[in-house]
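# Structural description and commentary
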Amino acid sequence: MLKNKIQFILIFLFCFQILQAQQPQKLNSVEIYNQIQKLNFLGSVLYIAAHPDDENTRLISYLSNEKKARTGYLSLTRGDGGQNLIGPQLRELLGVIRTQELLEARKIDGGEQFFSRANDFGFSKNPEETLQIWDKEKVLSDVIWAIRKFQPDIIINRFDHRTAGTTHGHHTASAILSTQSFNLTNDVNVFPEQLKLVQTWQPKRQFFNTSWWFYGSQEKFDAAAKTNLTTIETGVYYPNLGKSNQEIAALSRSSHQSQGFGSTGSRGEESEYLELVNGGKLNNTADIFEGIDTSWNRVAGGRPVGELLNQIALKYDFSNPSASISSLSKVYLMIQSLDENHWKALKLEEVKRMIAACSGLYLEAVSLNQEATPGSTVQLKIEAINRSATVMQLTSVTTLPEQKNTVFNTPLKNNTSKNLTLDLQLPATIEYTQPYWLKEKGTVGMYTVADQKNIGIPDIIREVKVIFNVEINGIKIPFERTVVYKYNDKVKGEMYNYLDIVPEVTTSIIDHVSFFNNGTKKPIAVKVKAGKDDIKGSLQLQLPGNWSVSPQSIPFNLNKKGMEQIFYFEVTPPTQPAQAIAKSIVIVDNKKYDKDQILIEHPHITKQQILKPAEAKFIKLDLKINNQKIGYIMGAGDEVPEGLTQMGYKVTLLNPEEMTPKKLEAFDVIITGIRAYNVLPSLENKQKLLLDFVKSGKTMIVQYNTPDSSIPSDMSPYPLKISRDRVTDENAAVRFLAPDHPVLNYPNKITTKDFEGWTQEQGLYYPNEFDNAFTPILSSNDKGESPTSGALLVAPYGKGYYIYTGLSLFRELPEGVPGAYRLLSNMISLKAPITVPSQDLKP
């Protein structure tokens, strides 16, 4: 079986806070000094764009590390509609991965991360379509909400709001919404319901971050007049860090592994260009904060705080950061005594982090297990150690969410670790750990988030925490820590995860799409997993009445937490073609459980738990196949092999480096996965072998690749040029250019009905030039555009056939789209040579 399955916390003034992922942050002396400097800067910038990886990490890093500004990135989407270079996860699961990649990027460049509720529904060719599918009013509300909460002095748009149709519709839409928001955020009549939680706010300036890309080439940009642009020299070097700004930005950019954006750092002079869109003009200066008070003077009674922080920075002892603790403690008291305001809450958290860092104060709450169920007791190991001569005492520990305070009054002597144990009682009502934006069913363009306070929070909301109440130099300071789980890996050493709250039992239908090609019954595998010890109940597979399931229920008894067992139901389809959603249900003590636990684990991001309905799509389909043996070369990662197995084919995954003529003799068809030529350099060296395979009388099917230098010139036996042409409307009319071609007739008769029910897009990266040896099979186009004919190209070569297709089979097969399966069967079944009509090379 081929299956690869893999806070912002609202404090008093509702300031954003990103959860620290896994490994505790341990600042060195230089990093502490930089953060003390940042304590004394009260200015902020919000960068706004559409997707993960749209952000300019060079500018974010510069503003955060050189200017010391609070810098945020508002990505309107979580990147759900993109492709995935590191695994098969698509749509919402890919959005979860890309969310985590953004959080990792911000840890490197010093920014903060936020989102709206907009769902990346796929490529859009204009902002009008984007705003209609997104629900413009809701996303506009989210942008204004983010601005009112973050209170930026400066807003920077990644994209130009005036150039609709020249880039991704999401890009332009993000700039349009940002530009419209500039003055609306200060209007009490705009989304007044938000003002129960936040205040109106007026940013001072708004810029468009232009570059050569918007001019078409570096040469055109260099030649263009720049009198209307503000130039910022971002190619600075940080001698105390030993890195250039570009090197930090490249490390941040390289966090986007799922998109293949690994970057190499550079050094030397480099400039960024900003065009003023709204707000006050600059007086011939590159300081975007010109005329804005970014000192503590902007806070009533704050001047003494700034003065003391200046002294702390001047007297900072890099060899003994603890010498600053006494003064930082005074800063903490001074900020605490200020009237409530936006900066008070932010700077209190910052100064607490500096006090802990200067004293080497390490506080950690570790669960003995990585998973726990609602109502259970979590055993915690508490560690507290002060590694300075400063007098400290752990007065008590408060566990959340139970709000239980345990008094210790234990002195924390220099470099003497205090290790304690606690039992934390979880409420029976505590919510399961999962991305909050996936809890409720959304639409194609929007996620549903019912609680206004949660909108924009970047990460999973984790409730299980510990507050260490520490007295430092007689001052009581609370330090909050999220409960973690850690273990020792024999190869990697100390490893961290968060504590996850899981259902008592989860279940999943092993194959998310199952085909019934005739009226015979079929075994369906269903898995049950225990979330706690000693759980027993019954398992059911629910289907509509015209489907037959046997038995009606299956009892189970799982003794150990984490134990899994697979059970089988026999399912008989109806006599007529039909589709149904099968649901796996577990009953324990008269309580129903119906969640499928999906775990996403990659070394560059925090482990993620997603809980989705335990469902699968069953299809009774008139699908004819032959008995071809298929070799599949996995590219960037997809679930096409699982779909082929469901169809009834025997599929073998191939490693290009191990392919030989003898090994390929065993196969009738070779299929390359999506972007295989982009991500497998070794494939180029095997191209002659593959084309000889075709020439001998076999078939090769190449799925889409992106146009770049990685594509070998002999990828195809005939000239073929990949473009960026695509059809984004999955419902666009499809026309048959070669209706008598076998690929549309054998073994399944393909009609336009087979293109109904497609998801997200019809296809992408179609060739727009190809040799007359190719027969274009299909034509389609988005509204208002010229027809494209490169979706499916078939060419005889020797005794066999070479097929190139940009159709989005990698999306349609996992969604159980019948027509995609029928058409793929026909591609695989091509046999007899055909006569190709003569035609010119198509431009």
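The paragraphs below set out a description of the structure included in this document. (Residues numbered from 1 in each chain as written. Predicted model: local features only at pLDDT ≥ 70, side-chain atom pairs only at ≥ 80, totals over all residues. Heavy atoms only, no water.)

## Examining the overall build of the chain
Within the chain, the regular secondary structure consists of 17 helices and 43 strands. Rg of the C-alpha trace for the chain: 30 Å, near the compact-globule value of 28 Å for 843 residues, within the 12% margin. On the chain, the mean spot of the 91 positive side-chain charges and the mean spot of the 90 negative ones are 3 Å from each other. (Helix = DSSP H or I, 4+ residues; strand = E, 2+ residues; numbered from the N terminus. Rg over C-alpha atoms; globule rule 2.2 N^0.38 Å. Lys, Arg positive; Asp, Glu negative; His and termini not counted. Charge placed at Lys NZ, Arg CZ, Asp CG, Glu CD.)

## Considerations on the environment of Gln542
Relative to the assigned elements, Gln542 resides in strand E24 (residues 535–542). Taking the C-alpha atoms as reference, Gln542 lies 7.4 Å from Ile585; in sequence the two are 43 residues apart.

## Here's the deal with empty space enclosed by the protein
To locate leftover empty space, one rolls a probe as large as a water molecule over the atoms. In this structure, the largest cavity spans a volume of roughly 50 Å³. One number sums up the size of the second largest cavity: a volume of about 50 Å³. Lining of the second largest cavity is provided by Arg78, Ser116, Arg117, Tyr436, Trp437, Tyr447, Val449, Ile455 and Gly456. Class assignment for the residues of the lining of the second largest cavity results in five nonpolar, two polar and two charged. (1 Å grid on protein atoms, 1.4 Å probe; cavity = no way out; pocket = protein on both sides within 12 Å on 5 of 7 lines; lining within 4 Å. Points joined across faces, edges and corners; volume = space filled by probe spheres on them. Nonpolar A, V, L, I, M, F, W, Y, C, P; charged D, E, K, R; others polar.)

## Let's talk about the sheet that holds strand E14 (residues 404–411)
If you walk across this open sheet you meet the four strands as E14-E13-E16-E17, and the pairing is antiparallel. In this open sheet, the two strands that pair with only one neighbour each are E14 and strand E17 (475–482). Ignoring which end each strand starts from, the neighbouring axes of this sheet average 20° apart. Of the strand pairs in this sheet, strand E16 (residues 465–472) and E17 are connected by eight bridges, and their pairing is antiparallel. Note on E17: the bridge partner recorded for Phe468 is Phe479. Against the sheet, helix H10 (residues 325–336) touches E16 and E17, its axis set at about 90° to E17. Lying on the sheet, helix H11 (residues 342–359) is in contact with strand E13 (392–400), E16 and E17; it crosses E17 at an angle near 90°. (Pairing = 2+ DSSP bridges. Axes fitted to C-alpha atoms, helices over the stretch in contact; angles between N-to-C directions. Contact = heavy atoms within 4.5 Å.)

## Thoughts on the nonpolar core
Of all hydrophobic cores here, the largest spans 77 residues; its most connected members are Leu644, Leu664, Leu690, Leu807, Leu824, Met827 and Ile828. No other element matches helix H17 (residues 818–828), which puts six residues into this core. Beyond its immediate stretch of four places on either side in the chain, Leu664 contacts Leu654, Met659, Ile670, Leu689, Leu690, Phe693 and Lys698. Counting residues in each nonpolar core, the second largest holds 55 residues, with Trp296, Val305, Tyr332 and Leu426 among its members. (Core = buried A, V, L, I, M, F, W, Y, C linked by side-chain atoms within 4.5 Å. Buried < 20%, exposed > 50% of the residue type's maximum accessible area, 1.4 Å probe, protein only.)

## Things to note about the pattern of salt bridges
Within the structure shown, the criterion is met by 32 salt bridges. Notably, a salt bridge pairs Arg58 with Glu272, separated by 3.1 Å at the nearest N-O pair. Taken together, the positions of Arg58 in helix H2 (residues 57–66) and Glu272 in strand E9 (residues 271–279) put the pair 214 residues apart, joining distant regions of the chain. With a relative accessible area of 4%, Glu272 lands in the buried category. With a closest N to O distance of 3.3 Å, Glu570 and Lys521 form a salt bridge. In this pair, Glu570 is assigned in strand E27 (residues 564–572) and Lys521 in the loop between strand E22 (513–516) and strand E23 (522–530), connecting sequence segments 49 residues apart. (Salt bridge = Lys/Arg side-chain N within 4 Å of Asp/Glu carboxyl O.)

## Observations concerning unusual backbone geometry
In this model, Leu400 is joined to Pro401 through a cis peptide bond whose omega is 10°. With respect to the helices and strands, Pro401 occurs in the loop between E13 and E14. Backbone torsion omega between Ser550 and Pro551 reads -5°, so that peptide bond is classified as cis. Secondary-structure assignment places Pro551 in the loop between strand E25 (548–550) and strand E26 (554–558). In this structure, Phe191 takes a positive phi of about 45° despite not being glycine. With respect to the secondary-structure elements, Phe191 resides in the loop between helix H6 (169–184) and strand E5 (205–210). In this structure, Asp534 is a non-glycine residue whose phi angle is positive, near 50°. The topology assignment puts Asp534 in the loop between E23 and E24.

## A look at the pairing of strand E33 (residues 629–633)
For E33, the tally of buried residues reaches four of five residues, placing the bulk of the element in the interior. Between E33 and its parallel partner strand E34 (residues 650–653), the chain crosses via helix H12 (residues 640–647), and the hand of that crossover is right-handed. Two strands pair when backbone bridges link them, and E33 and strand E35 (residues 669–672) are joined in this way by four bridges, in the parallel orientation. Opposite Gly631, over in E35, you have Ile670 as the bridge partner. (Right-handed = clockwise from strand over helix to strand, strands pointing away.)

## Quick word on the packing of aromatic side chains
Tallied over the full model, the rule gives 24 aromatic pairs. Seen from their ring centres, Phe159 and Phe214 are 6.2 Å apart, and the 70° between their planes marks the pair as edge-to-face. On the criterion of sequence distance, the pair formed by Phe159 in the loop between strand E4 (154–157) and H6 and Phe214 in the loop between E5 and helix H7 (218–223) is long-range, its members being 55 residues apart. By relative accessible area, which is 5% here, Phe159 ends up buried. For Phe214, a relative accessible area of 26% corresponds to the partly exposed category. Plain terms: the ring middles of Tyr704 and Phe810 are 5.5 Å apart, the flat faces sit at 40° to each other, and that makes the pair tilted. Of this pair, Tyr704 sits in the loop between strand E36 (699–703) and strand E37 (720–727) while Phe810 is found in helix H16 (residues 809–812), placing the two residues 106 residues apart along the sequence. A relative accessible area of 0% means that Tyr704 is categorised as buried. Here Phe810 falls in the buried class, since its relative accessible area comes to 2%. Taking NZ or CZ as reference, Lys226 lies 4.5 Å from the ring centre of Phe221, over its face. The positively charged end of Lys522 is found above the aromatic ring belonging to Phe516, 5.4 Å away from the centroid. (Phe/Tyr/Trp six-rings, centres within 6.5 Å; stacked < 30°, edge-to-face > 60°. Lys NZ or Arg CZ within 6 Å of the ring centre and 35° of its normal.)

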